[in-house]
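Residues per chain are reported as follows:
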Amino acid sequence: MLRGRERELAEIEALLARARDGRSASLILRGEPGIGKSALLDHAAQSPEGLRPLRGTGIETEAELPFAALHLLLRPALDRIGRLPAPQARALEGAFGLATARGDAPEDRFLIGLAALSLLTELAEDGPLLCLVDDAQWMDRSSAEALLFTARRLHSEGIALLFAARDGFHAPGVPELRLEGLDRQTAGELLHERTPGLGPSVRERILAASGGNPLALIELPRAPEALRHAQEPLPLPRRIQEAYEARIAVLPPGTQTMLLVAALDDARDLDVVLRAAGRLGVDGSALGPAEHAGFLSTADGRISFGHPLMRTAAARRAVYDERLAVHRALAGVLDDEQDADRRAWHLAAATTGRDEPIAAALEQAAGRARERARHAAAAAALERAARLTPGLAERGRRLALAAEAAADAGVLEHAQGLADQARRLDDDPLTVARLAALRGRIAFDRGAVHDAHRILLDGAASISVLDRKAAALILLDAVRNAWYISDPAAVAESAARLAELPLSPEDGLDGFVRAARAMADFLAGDLDRALPPFRELIAVAVAIPAGMTALRISICSLAGISGDFDNGAAIAQSAIGECRAVGLIGLLPLAQAVLAIHQLYLGRFRDAVTTATEGRRLAVDIGHTHRVAHFESVMAMASAVQGREQECRELAERTIAHVAAHPVATIVGWAEWALGLLDLGQGRFEAALERFDAAARGPLRHQIMPIYFAPDQIEAAVRLGLPARAEQPLARFATWAAAAGHPWAEAVLHRCRALLAHDDHEAERHWEQAARSHAEANRPYERARTDLLHGEWLRRNRRRHESRARLRAALETFERVGAHPWAERARAELRAAGENVAQSGPDLVALLSPQEQQVVRLAATGITNREIAAQLFLSPKTVSHHLYRAFPKLGVTTRTELAHLDLS
């Protein structure tokens, strides 16, 4: 019976009921040790109706063993790994040591999260599933990330995922329920039930000391009198732990040793514990008193402690020499090949001084961890190896490697500390430069972008003679960082240093050196020199083979600067396909961000929102905060076009606030543009012009955005009757359009000149040239903007019949892309031109959520739910649920009908 937990039990029962109904949910039970979290998990596991339980737990001594907790939870389902999509199966097999995984993707842990979701979904095909994870705060980082990735994507699989955790377990996006102490009456009832013979004073002391903690109410009465009557209050977990230590002290010496061996064995392997204890002169019979006293139990060849504090107490009460002896015994019984990593850790724990052979063994363990994308484990092993290394230079080298692994694991503050230590120990120029590249990356990610640039320049200078290619790669990072903060002088300095390096064609960097110089030229305003090198790289990118995804994504960004959106979108789409196919989860959000921007430029606003919505969710999981802001600025732009004012402002203002704290100028550009475009679409021309003018004068003035929003700035000025304020944006756009040479840019330029024409004859000529150029370009939204303005001009010039054709074309396009404010303007102009315009029917695609749109479009291509799920990081059942909801909205009943719909 669980006393005083009616609220918690109701929450858990609701969670289980949802799973029985085929829905999914997750919940974290949070509270101090002994508060009753495990008891609630036990209660859930005993649920009488149709839920198959899987149990896992975090173990304090296994916190650096990657995927240990995930392996424990999924062990009953491992025979189904072969049913997963190949990249997921490879990732999970590599994580569990069943095969070699890819080692080139620092975020592979999220592919493993997707594989875990797929595997649980496979298991749930046999009936609803209950996953219970105790002591989640002690899960290794890799397992925690994978399971939280899974928890945030549960939807319609029939899976309930229940965590029990203390404070310190960070789980954004997962609901939680905090457990408090029992009220005094319930606590008194529990105390009387368990220990009925206590005297009044002892009873009151225990009730006061327990704070309503159920474990304290059970364990403190067993403690010696001195502990129960102590005057100085101890923290409750420490008090319970001391109660356990007092109980251990009265057990036979052999049993105490057996408990210590079990406490220090990270795998809870009964055979290993018995053999190690045998080396210390203790036989298996010593387990009996420990089991009888309730400290541990054995089942299926494994040892489990009754409570984590029992394990802590068993380890804590032993003297230092005893712990050393146990670690040596455990290392002695572990196999050199199968258990090499565990053996290395036990040897390290048994060592009191420097020891190069053990340090080397730990470095080898770190290498195996990195091969499986286990960066947190690699960092821990390398750091410990460094502590054991006798030589200073070698110690510094290992600390540098540990810092890199910690950064790959996302622990930037710790990575910074390790890098600083390494710099003090190893002055080898190559190591110093390697650390500079890492420190620059850390500084940039933490928002210290100017510091990052200087660190990178200094690092490149230190090795320019020793390793010119490594120096060049660092300088390319410096160019990119300076571009992000829109600092022309910093970009020019980095590009100049890069050009001075004596690189050879064999280095393969010629095109990037020219592009770096071109980026400096662009920020300096020399567009004629800047754009040709960009075009060269874009042409090369189309032919770059698979396996060079990051390179293609970088080149794709240049397509956005040079206005080549069709090629840019194609390259980005190809890169995304490769990221999905081979599990490059760390690169996927970057590729999605680039694609979303190109979709915006092409007027595919719904596609841009769909791409950005998926990318934002993944970026949150990975921790790419800059990328989250990037996606939200894209979504703000689409909201502006579609007239969703509140949504646009919220997204744009979040982005602007982010950039205020992390000055990456390129991200804020779309947010500022979105707010200006919102005002323009709503007829607030003065507010729009003020915002565009301010943005064009600020840090963005060197970037591409003021060029691209110049036509909007010009339109606002013309609407206000202020043509003089259109002169600078016109010059800006005209210079770029001449250098870019794209028909769409020529068309928009003629539109702008028509708006500013001095007489009707000049305007007519520009309108006609704009129409001809639009016919050669794939920019329907921009063409509709031109048709609307041209139609307005024709109507004002009493050419109402001619105006209607332009206005009808504009209206049709605006409705198709969901640009509602612009469609209303076109509709109003048509009415003013004497045409009765019926209200358009419902926009069926607009009724779908972004994820439903994505699922429906993929389903229309004929691929299966399982294939859709693998692409979108969902379960097949969630895909099925989205289709079930989308079909009635679209008025279809079968998948084959989707192919006949216009889903653009």
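Residues numbered from 1 in each chain as written. Predicted model: local features only at pLDDT ≥ 70, side-chain atom pairs only at ≥ 80, totals over all residues. Heavy atoms only, no water.

Engineer: It is not clear to me how the nonpolar core should be interpreted in this structure. Could you clarify?
Structural biologist: One recurring pattern in soluble globular proteins is that nonpolar side chains are buried together. Core analysis: the largest hydrophobic core is formed by 188 residues, its most contacted members being Leu-70, Phe-163, Phe-169, Phe-522, Phe-733, Trp-736 and Phe-814. Counting residues per element, this core draws most heavily on helix α5 (residues 108–124), at 11 residues. Ala-187, Leu-217, Ala-290 and Leu-330 belong to the second largest nonpolar core, which has 46 residues in total. (Core = buried A, V, L, I, M, F, W, Y, C linked by side-chain atoms within 4.5 Å. Buried < 20%, exposed > 50% of the residue type's maximum accessible area, 1.4 Å probe, protein only. Helix = DSSP H or I, 4+ residues; strand = E, 2+ residues; numbered from the N terminus.)

Engineer: What exactly am I supposed to notice about the state of the cysteines here?
Structural biologist: Joining two cysteines, a disulfide is a covalent bond between their sulfur atoms. In this structure the tally under the stated criterion is zero disulfides. Not engaged in a disulfide, the cysteine Cys-556 finds its nearest cysteine sulfur in Cys-579; these two sulfurs lie 12 Å apart. (Disulfide = S-S within 2.5 Å.)

Engineer: Sorry if this is basic, but what is going on with the environment of Arg-141 here?
Structural biologist: Among the structural elements, Arg-141 can be located in helix α6 (residues 141–151). Given a relative accessible area of 34%, Arg-141 falls into the partly exposed group. Taking the C-alpha atoms as reference points, Arg-141 and Arg-552, separated by 411 residues in sequence, lie 31 Å from one another.

Engineer: Help me out: how do you make sense of the packing of aromatic side chains in this one?
Structural biologist: By convention here, two paired aromatic rings are described through the distance between centres and the angle between planes. Taken as a whole and judged by the stated rule, the model has 18 aromatic pairs. A ring pair is formed by Phe-163 and Phe-169, whose centres lie 5.8 Å apart and whose planes are at 45 degrees; its orientation type is tilted. With respect to class, Phe-163 is no different from Phe-169; both count as buried. A ring pair is formed by Phe-814 and Trp-822, whose centres lie 6.5 Å apart and whose planes are at 40 degrees; its orientation type is tilted. Residue Phe-814 shares its accessibility class with Trp-822, and that shared class is buried. Taken together through their ring pairs, the aromatic side chains of Phe-565, Tyr-601, Trp-673, Phe-692, Tyr-708, Phe-709, Phe-733, Trp-736 and Trp-744 make up a single cluster. (Phe/Tyr/Trp six-rings, centres within 6.5 Å; stacked < 30°, edge-to-face > 60°.)

Engineer: Any chance you could explain helix α1 (residues 6–20) here in plain terms?
Structural biologist: An α-helix turns once every 3.6 residues. As a result, residues three or four positions apart point the same way. Taking 1.5 Å of rise per residue, 15 residues should cover 21 Å, and α1 covers 21 Å from first to last C-alpha, within 8% of that figure. The set of residues buried in α1 consists of Glu-8, Leu-9, Ile-12, Leu-15, Leu-16 and Ala-19. Burial along α1 is one-sided: seen end-on, the buried residues are contained in an arc of 120 degrees. The inward-facing, buried residues of α1 abut β1 (25–30), α2 (37–45), β3 (129–134), β4 (159–165) and β5 (176–178). Count one or two residues on from α1 and you reach Gly-22, which has phi positive near 90 degrees. (Expected span 1.5 Å × (residues − 1). Arc of directions from axis to C-beta. Contact = heavy atoms within 4.5 Å.)

Engineer: Could you clarify how one ought to interpret the environment of Ile-248 in this entry?
Structural biologist: Relative to the elements of secondary structure, Ile-248 occurs in helix α11 (residues 236–249). Under the relative-accessibility criterion, Ile-248 is labelled buried at 1%. The spacing of Ile-248 and Ala-293 is 45 residues in sequence and 9.0 Å in space, taken between C-alpha atoms. Not counting residues within four places of it along the chain, the set of residues in contact with Ile-248 comprises Gln-256, Leu-259, Phe-295, Ala-313, Ala-314 and Arg-317.

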